[in-house]
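The residues making up each chain are set out below.
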Amino acid sequence: MVLWFRCNEIIPGTSLGILFIAVILGIYFLQLELSGFPAKDRICRMASNYTENLEQFKEEKHKAFVVGYTGEVGKELLKQLASSNLYEKVVLIGRREVPPEKIHGVEFEQRVVDFEKLNEHADAFSDLDVGYCCLGTTKGKAGTDGFIKVDFDYVLSVGQTAKSTGCKHFSLVSSQGASKDSAMLYTRIKGQIEEALKNLQFNRLSVFRPGVIMCEREESRPAEAVARTLLKPIAFFFPTAITTPVGYVATAMINNALSKTDKTYELYENKAIHELAKMAEAPKGCKSKN
């Protein structure tokens, strides 16, 4: 039997093509891994004063709220907030009460609101000066309209209500590649909500843009599960390039909140999130205080 194609020509050629692509991607990820980031000097200064800032923050008796606490980042954030005892009070604001076993056994106060009529629930945000927003969904889960409603309308409504009731520092989980001018719906909406929140003029707005979040989700997202499996080698060899462990996002948000700054707007890309998360142990490239 004679094959119409020549294996001895096609297979080596295909192998060389795959190898070439792998080398190009490897060089690209290596460049991302070795590149600097704008927030490096600031994070180094924050790290040098970490212990002092931590103690002072506790003495100031801040009160915080969390929205989007049933997602993977939100649940991890609750777990870390519960163990850190940084805040005098932490309030969970959501559309329904969630059993503690669904959120790592954390038993913070829960306040139920209707995100469609959030202006009628302003009292849920009263007397809370720090806000963490991990609210978000996907087009695949909620459809295009549902995604826009949650990731833009609801998040903006949370920001507006929190600002009007005295929130001083608002932290948002966004996404790597976020841009109001992006051709992709997901990153475009993420960029647009960042801009909308900036216009609210919080005393301090911190935006975090993690890469692909590495975690084991409870809900079924087959495409993400496949992507995370394929990305594991990249995460191992180039950990800060395009992936972020879920715990790092939560730790970075907390570490940033307890640090002092005169800035009214802070943007942390993926590499900066990794370094913020390791602030207590002096991030890579920072000179030791001693």
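Check the entry above for the structure.
Conventions we followed
Residues numbered from 1 in each chain as written. Predicted model: local features only at pLDDT ≥ 70, side-chain atom pairs only at ≥ 80, totals over all residues. Heavy atoms only, no water. Buried < 20%, exposed > 50% of the residue type's maximum accessible area, 1.4 Å probe, protein only. Helix = DSSP H or I, 4+ residues; strand = E, 2+ residues; numbered from the N terminus. Arc of directions from axis to C-beta. Contact = heavy atoms within 4.5 Å. Phe/Tyr/Trp six-rings, centres within 6.5 Å; stacked < 30°, edge-to-face > 60°.

**Q** Go over helix α3 (residues 50-59) with me, naming the residues and quoting the values.
**A** Within the span of α3, buried status applies to Tyr-50, Asn-53, Leu-54 and Phe-57. Each buried residue of α3 lies within a common arc of 105° when the element is viewed along its axis, so the set occupies one face. Exposed residues pointing more than 90 degrees away from the buried face of α3 are listed as Thr-51 and Glu-59. Elements that come into contact with the buried residues of α3 comprise α2 (40-48) and α8 (246-258).

**Q** Provide a residue-level description of unusual backbone geometry, including the pertinent values.
**A** Backbone geometry at Asp-127 places phi at a positive 65°, although glycine is not the residue there. Positionally, Asp-127 belongs in the loop between β3 (109-112) and β4 (130-133). In the Ramachandran plot, Gln-201 falls in the positive-phi region, its phi being about 60° despite a non-glycine side chain. Looking at the secondary structure, you find Gln-201 in the loop between α6 (185-198) and β6 (204-208).

**Q** Can you lay out the packing of aromatic side chains for me, pointing to particular residues and giving the numbers?
**A** Under the definition given, this model contains eight aromatic pairs. Aromatic pair Phe-57 and Tyr-87: ring centres 5.3 Å apart, planes at 90°, arrangement edge-to-face. With Phe-57 in helix α3 and Tyr-87 in the loop between α4 (72-84) and β2 (89-94), this pair connects stretches of sequence that are 30 residues apart. For Phe-57, a relative accessible area of 4% gives the class buried. Ring centres of Phe-65 and Phe-170 lie 6.4 Å apart, and the angle between their planes is 50°; on these two criteria the pair is classed as tilted.

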